[in-house]
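# Chain and residue survey
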Amino acid sequence: MGDRPVRNLREQLALLRARGDLFEVRAEVDARLEIAEIHRRTIAAGGPALLFRNVRGSDFPVVTNLYGTPERVRLAFGERPLKLVERAVRAAETLLPPSLGKLWSLRGLARDLLRIGARRVRRGPILEVSEAPHLDRLPVLTCWQADGGPFVTLPLVFTEHPKTRKSNLGMYRLQIHGPALTGMHFQIGKGGGFHLHAAEEAGRALPVTVFLGGPPALTLAAIAPLPEDVPEILLASLLLGEKLPRVAHEPHPLVAEAEFALTGRVAPGVRRPEGPFGDHYGYLSLRHDYPVFEVERVFRRRDAIWPATVVGRPRQEDYHIGEYLQELLAPLFPLVMPAVRSLWSYGETGFHSLAAAVVRDRYPREALASAFRILGEGQLSLTKVLLVTDRTVDLRDFRAVLRVLLERLDARRDLFVFPGTSQDTLDYTGPRVNEGSKAVLLALGEARRVLPERYEGGPPPGARRVEVFAPGALVVEGERFAAAPDLADRVAAWPGLDPWPLAVLVDDAVEATRSVELFLWTTFTRMTPAADLHGREVRDGRFHTGLAGPVVIDARMKPSYPPVLEVDDETRDLVDRRWTEYGIPVPKECS
């Protein structure tokens, strides 16, 4: 690992192999369910990247778990991007007023910036084979038994705005509908969807090119929450430290070092049911209508390798990439939002469900202005719950953040709930898809209470069990929501919880308190603020309703929620029986 860029998937695999962090599975395996379960057990054990050489019904090998540990993520992207961002931030902070000495000290950064962009090459491995689409011959994974079919899970989807020609590179899952047809899962708030909207307004098809493989920097750029008109190709080039080689082609240039390129179009106004799909929140996304991608041509390397990932309950590969991406972008937040000192989204909740920020509060309620600034910034606008404090705290340490919050929160005035907002497409806690609510909780100034650490009473009426998660925070196990929909209000009204500022109502208190990861996942993926925050309401006469007593979060599963992802018995038994055949050096029990 170092400053040398990883230019393609082959170099990435060579680095992993040299470190003993790549295992080749020679036994024949099935892309339907089997590979995904092997992958899940391997990543749970911290095992190696997996190269499946013999995939039933396909001529192409499959590689998974490329980013399954923080070490592999750093190996793929290197230290250079982190150092480059730090240098850019220092330059922005120190350049004004300019001087010859300051300008000279930035000459290395200037050289790096001159190398960004794309360069045209006449030939590249991506042109070795050009053929009509036969997507049914590709080793596309079906990851969960309830999935609607096979899904392309690491696609790099390239589009251009039909008028401005500004480009977008995003990662939108593709369900295989036929030999030349896939779904195109454009979500709200994403660049590809904006481009399709503009094309449909003009009554035109949107040209699309989907890349698989290539420089790992493309993967990072595709999921980065960049402003709408900032081309991800530029970020990828910046991360690489050199111009991205592309082969001239219509309607879009082809990434020369990619493994596959699918070219075609999304027709205006055409929709088709897509899903279900087991997604990164850990639940089964339901079936909805989405645009359709008509594949016209497939370009590939002669010995192409199919890259894939498996998503499900955190932590999976997307978690580790997201953590690295946040670390990379963290120094930029104070430049873009000067009153925001630090910002972190919690991957255990699917990233959009919970974020926390340390801000400046130099005049009364300035912190609230910073909260609005965060919620108005690109993909951060999909944040469901935002915790805001002016205290210095490591936001990655959720227990420390929770203590700061609960020591200071006055829910009568520091809790703000906004109903009727947009919500992440994959979050089903709202009344309808893409709709939900938001909450901002402020924790400002000095501590106003000493938090209790031991609970010695019995459970509230209608509850079965009480566990302490952290100082000031209880987890209460109660009846299922369908049997007791008003239980959260009864828990909030019970005087036995008065010393505790927070109680989370769940279906299984032991499971929810087993780790910080499980507490975060259980609490914030099973609640929407407008419906699931409970307490004794206090109105201030100025159009604000706060809560007195403990704030109770109803994080029980609701009848409208999709099911939690579980491996089906048949697939589990198959992989159990065959584990020694695979030869992977991790225990078969991991899952």
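The structure reproduced in this document is the subject of the present report. Everything numeric in this text was worked out from a predicted model, so none of it was measured.

### Describing the overall build of the protein
- Per the secondary structure count, the protein includes 18 helices and 28 strands.
- Taking 2.2 N^0.38 as the reference for a compact globule, 591 residues should give roughly 25 Å; the C-alpha atoms of the protein span a radius of gyration of 25 Å, in line with that estimate.
- In terms of overall dimensions, the protein has a C-alpha envelope of 75 × 70 × 50 Å along the principal axes.
- Among the 591 residues that make up the protein, the fraction classed as buried is 59%.
- Excluding contacts between residues fewer than 6 apart, the proportion of contacts in the protein whose partners are at least 24 apart in sequence is 73%.
- Where the 77 positive side-chain charges of the protein centre and where its 76 negative ones centre are 5 Å apart.

### As for the environment of N8
- Relative to the assigned elements, N8 resides in the segment before α1 (9-18).
- Residue N8 is classed as buried on the basis of its relative accessible area of 8%.
- Along the chain, N8 and A256 lie 248 residues apart, while their C-alpha atoms are 9.4 Å from each other.
- Of the polar contacts made by the side chain of N8, one reaches the backbone nitrogen of R10; its length is 3.0 Å.
- Side-chain polar atoms of N8 contact the side chain of E257, separated by 2.9 Å.

### Quick word on the pairing of strand β24 (residues 463-470)
- For β24 and strand β25 (residues 473-478), the ladder comprises six bridges, and the chain directions are antiparallel. Residue pairing across strands places E467 opposite V475, the latter belonging to β25.
- Here β24 folds back onto β25 in antiparallel fashion, the turn holding two residues, of which G472 has a positive phi close to 85°.

### Let's talk about unusual backbone geometry
- Following E250, the chain continues into P251 via a peptide bond in cis, with omega recorded as 10°.
- In the segment running from G275 into P276, the intervening peptide bond is cis, with an omega of 0°.
- Looking at the element boundaries, P276 is found in the loop between β14 (260-274) and β15 (277-278).
- Of note in the backbone geometry, R165 takes a positive phi value of approximately 70° without being a glycine.
- Among the structural elements, R165 can be located in the loop between β7 (156-160) and β8 (167-170).
- Its identity as a non-glycine residue notwithstanding, F351 has a phi of 75°, on the positive side.
- Classification of F351 by relative accessible area gives buried; the value is 15%.

### Some remarks on the packing of aromatic side chains
- Enumeration according to the criterion identifies 13 aromatic pairs in this entry.
- Look at F60 and F260: their rings are 5.3 Å apart centre to centre, the planes differ by 80°, and that puts the pair in the edge-to-face class. Pair noted here: F60 is in the loop between β2 (49-52) and β3 (62-64) and F260 is in strand β14, with a separation of 200 residues, a long-range link.
- Using a relative accessible area of 0% as the deciding quantity, one classes F260 as buried.
- Considering the side-chain rings of Y283 and W521, the 5.4 Å spacing of their centres and the 20° angle between planes classify their relative orientation as stacked. Of the two residues, Y283 sits in the loop between β15 and β16 (284-285) while W521 sits in helix α16 (residues 516-524), which places them 238 residues apart along the sequence.

### Digging into the sheet that holds β2
- Pairing within the open sheet is mixed, and its four strands lie in the order β1-β2-β3-β18. Across the chains shown, the open sheet's two edge strands, defined by having one partner strand only, are β1 (22-25) and β18 (306-307).

### Observations regarding the pattern of salt bridges
- A full pass over the atoms with the stated rule returns 50 salt bridges.
- Across the salt bridge formed by R578 and E34, the nearest N and O atoms sit 2.8 Å from each other. Placement of the pair is R578 in helix α18 (residues 569-582) and E34 in helix α2 (residues 34-44), with a sequence separation of 544 residues.
- For R578, a relative accessible area of 13% corresponds to the buried category.
- On the accessibility criterion, E34 (2% relative accessible area) is buried.
- Among the ionic pairs, R448 bridges to D410, the shortest N-O distance being 3.7 Å. Taken together, the positions of R448 in the loop between β23 (435-443) and β24 and D410 in the loop between α13 (398-408) and β22 (415-422) put the pair 38 residues apart, joining distant regions of the chain.
- Residue D410 is classed as buried on the basis of its relative accessible area of 8%.

### A word on the environment of G264
- For G264, the location among the structural elements is in strand β14.
- Taking relative accessible area as the criterion, G264 reaches 6% and is therefore assigned buried.
- Separated by 251 residues in the primary sequence, G264 and L13 have C-alpha atoms spaced 29 Å apart.
- Setting aside chain neighbours within four positions, we find G264 in contact with L206, P207, V208, F293, E294, V295 and E296.

### What about the nonpolar core?
- Judged by nonpolar contacts, the single largest core of 48 residues is most densely connected at I38, F52, M184, V210 and W306.
- Those elements that place two or more of their residues in this core are α2, β2, β9 (174-178), α7 (191-201), β11 (206-212), β14, β17 (288-300) and α18.
- With four residues, β11 is the largest single contributor of residues to this core.
- Once you skip the residues sitting within four places of it in the chain, W306 turns out to touch P61, V62, V63, L138, P139, V140, V152, L212 and F260.

### With respect to the sheet that holds strand β27 (residues 533-539)
- Strand order in the open sheet formed by five strands is β24-β25-β26-β28-β27, and the pairing between neighbours is mixed. Both edges of this open sheet fall to β24 and β27, since each of them pairs with a single strand only. Neighbour to neighbour, the strand axes of the sheet diverge by 25° on average, direction disregarded.
- The strands that α16 touches are β24, β25, β26 (502-506) and β28 (545-554); relative to β26, the one it contacts most, it runs at about 75°.

### Digging into helix α10 (residues 317-329)
- Here α10 contains 13 residues, and its C-alpha end-to-end distance of 19 Å stays within 8% of the 18 Å for a straight helix at 1.5 Å per residue.
- Taken across its 13 residues, α10 has eleven buried, putting it largely inside the fold.
- Residues E317, Y319, H320, I321, G322, E323, Y324, L325, Q326, L328 and L329 constitute the buried set of α10.

Calculation notes
Residues numbered from 1 in each chain as written. Predicted model: local features only at pLDDT ≥ 70, side-chain atom pairs only at ≥ 80, totals over all residues. Heavy atoms only, no water. Helix = DSSP H or I, 4+ residues; strand = E, 2+ residues; numbered from the N terminus. Rg over C-alpha atoms; globule rule 2.2 N^0.38 Å. Buried < 20%, exposed > 50% of the residue type's maximum accessible area, 1.4 Å probe, protein only. Contact = heavy atoms within 4.5 Å. Lys, Arg positive; Asp, Glu negative; His and termini not counted. Charge placed at Lys NZ, Arg CZ, Asp CG, Glu CD. Polar contact = N/O pair within 3.5 Å; in protein donor to acceptor, adjacent residues only side chain to side chain. Pairing = 2+ DSSP bridges. Phe/Tyr/Trp six-rings, centres within 6.5 Å; stacked < 30°, edge-to-face > 60°. Salt bridge = Lys/Arg side-chain N within 4 Å of Asp/Glu carboxyl O. Core = buried A, V, L, I, M, F, W, Y, C linked by side-chain atoms within 4.5 Å. Axes fitted to C-alpha atoms, helices over the stretch in contact; angles between N-to-C directions. Expected span 1.5 Å × (residues − 1).

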